[in-house]
Amino acid sequence: QVQLVESGGGLVQAGGSLRLSCVASGSIRSINFMGWYRQAAGKQRELVATITSGTSTNYADSVKGRFTISRDNAKNTAYLQMNSLKPEDTAVYYCNAVVQTSAGRYLQVWGQGTLVTASS
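Below: a short report on this structure. Computed from a predicted model, the values in this text were never measured in an experiment.

**Brief notes about the state of the cysteines**
Between two cysteines, a covalent bond joining their sulfur atoms is known as a disulfide. Counting across every chain of the model gives one disulfide. A sulfur-sulfur separation of 2.0 Å characterises the disulfide bridge that pairs Cys22 with Cys95. Classification of the bridge connecting Cys22 and Cys95 rests on its S-S torsion, roughly -80°, and on that basis the disulfide is left-handed. You can see Cys22 sitting in strand 3 (residues 18-26) and its partner Cys95 sitting in strand 9 (residues 91-101), a full 73 residues away along the chain. By the burial criterion, Cys22 is buried, and Cys95 matches it.

Right, here's the structure in full:
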């Protein structure tokens, strides 16, 4: 079994910063892909940023230049540094990963989510 646990969400004033963490645990051989998604109230879940095992990154246009995704492969951890937060960034942020288990299976795993609120 593989689990993702997010942390670092909270309440911040517009213009402030937060750093989210996502730790993967369980029977993991490798993690191919990690990403952050978000879902605001009444809206569909949307991609925020992704990072491959080779550290190639991709960002939604709405966060380019403000958010930075990174990962520490030794710790099976991904991070999302969020700067210049705006009220429209308010959402539940979810971590996602494509994991190869110790048994060789590939799984797509989601975390439970962490709430980020940027107040105006």
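This is not the end of the story, as more comes after the structure.
**Some words on the packing of aromatic side chains**
Ring pairs (aromatic) are described by centroid distance and by the angle formed between their planes. Applying the stated criterion across every chain, the model contains one aromatic pair. Note that Arg45 overlies the ring of Tyr94, its terminal NZ or CZ placed 3.7 Å from the centroid.

**Quick look at the pairing of strand 3**
With six bridges joining them, strand 1 (residues 2-7) and strand 3 adopt antiparallel strand pairing. Residue pairing across strands places Leu4 opposite Ala24, the latter belonging to strand 3. Inspection of the sheet shows strand 3 paired to strand 8 (residues 77-82) by six bridges, in the antiparallel sense. Paired with Arg19 across the bridge in strand 8 is Gln81.

**Side note on the sheet that holds strand 1**
Taken together, the four strands give an open sheet; going across it, the order is 1-3-8-7, and neighbouring strands pair in antiparallel fashion. Because the sheet does not close on itself, it has two edges, and the strands there are strand 1 and strand 7 (67-72). Within this sheet the neighbouring strands show an average axis-to-axis angle of 15°, counted without direction.

**Concerning the pattern of salt bridges**
By the definition in use, this model includes four salt bridges. Where Lys64 meets Asp61, a salt bridge forms, and the shortest distance between an N and an O atom there is 3.1 Å. Measuring nitrogen to oxygen at the nearest pair gives 2.7 Å for the salt bridge that ties Arg66 to Asp89. In this pair, Arg66 sits in the loop between strand 6 (57-59) and strand 7 while Asp89 sits in the loop between strand 8 and strand 9, placing the two residues 23 residues apart along the sequence. Side by side, Arg66 and Asp89 carry an identical accessibility label, which is buried.

Basis of the calculations
Residues numbered from 1 in each chain as written. Predicted model: local features only at pLDDT ≥ 70, side-chain atom pairs only at ≥ 80, totals over all residues. Heavy atoms only, no water. Disulfide = S-S within 2.5 Å. Helix = DSSP H or I, 4+ residues; strand = E, 2+ residues; numbered from the N terminus. Buried < 20%, exposed > 50% of the residue type's maximum accessible area, 1.4 Å probe, protein only. Phe/Tyr/Trp six-rings, centres within 6.5 Å; stacked < 30°, edge-to-face > 60°. Lys NZ or Arg CZ within 6 Å of the ring centre and 35° of its normal. Pairing = 2+ DSSP bridges. Axes fitted to C-alpha atoms, helices over the stretch in contact; angles between N-to-C directions. Salt bridge = Lys/Arg side-chain N within 4 Å of Asp/Glu carboxyl O.

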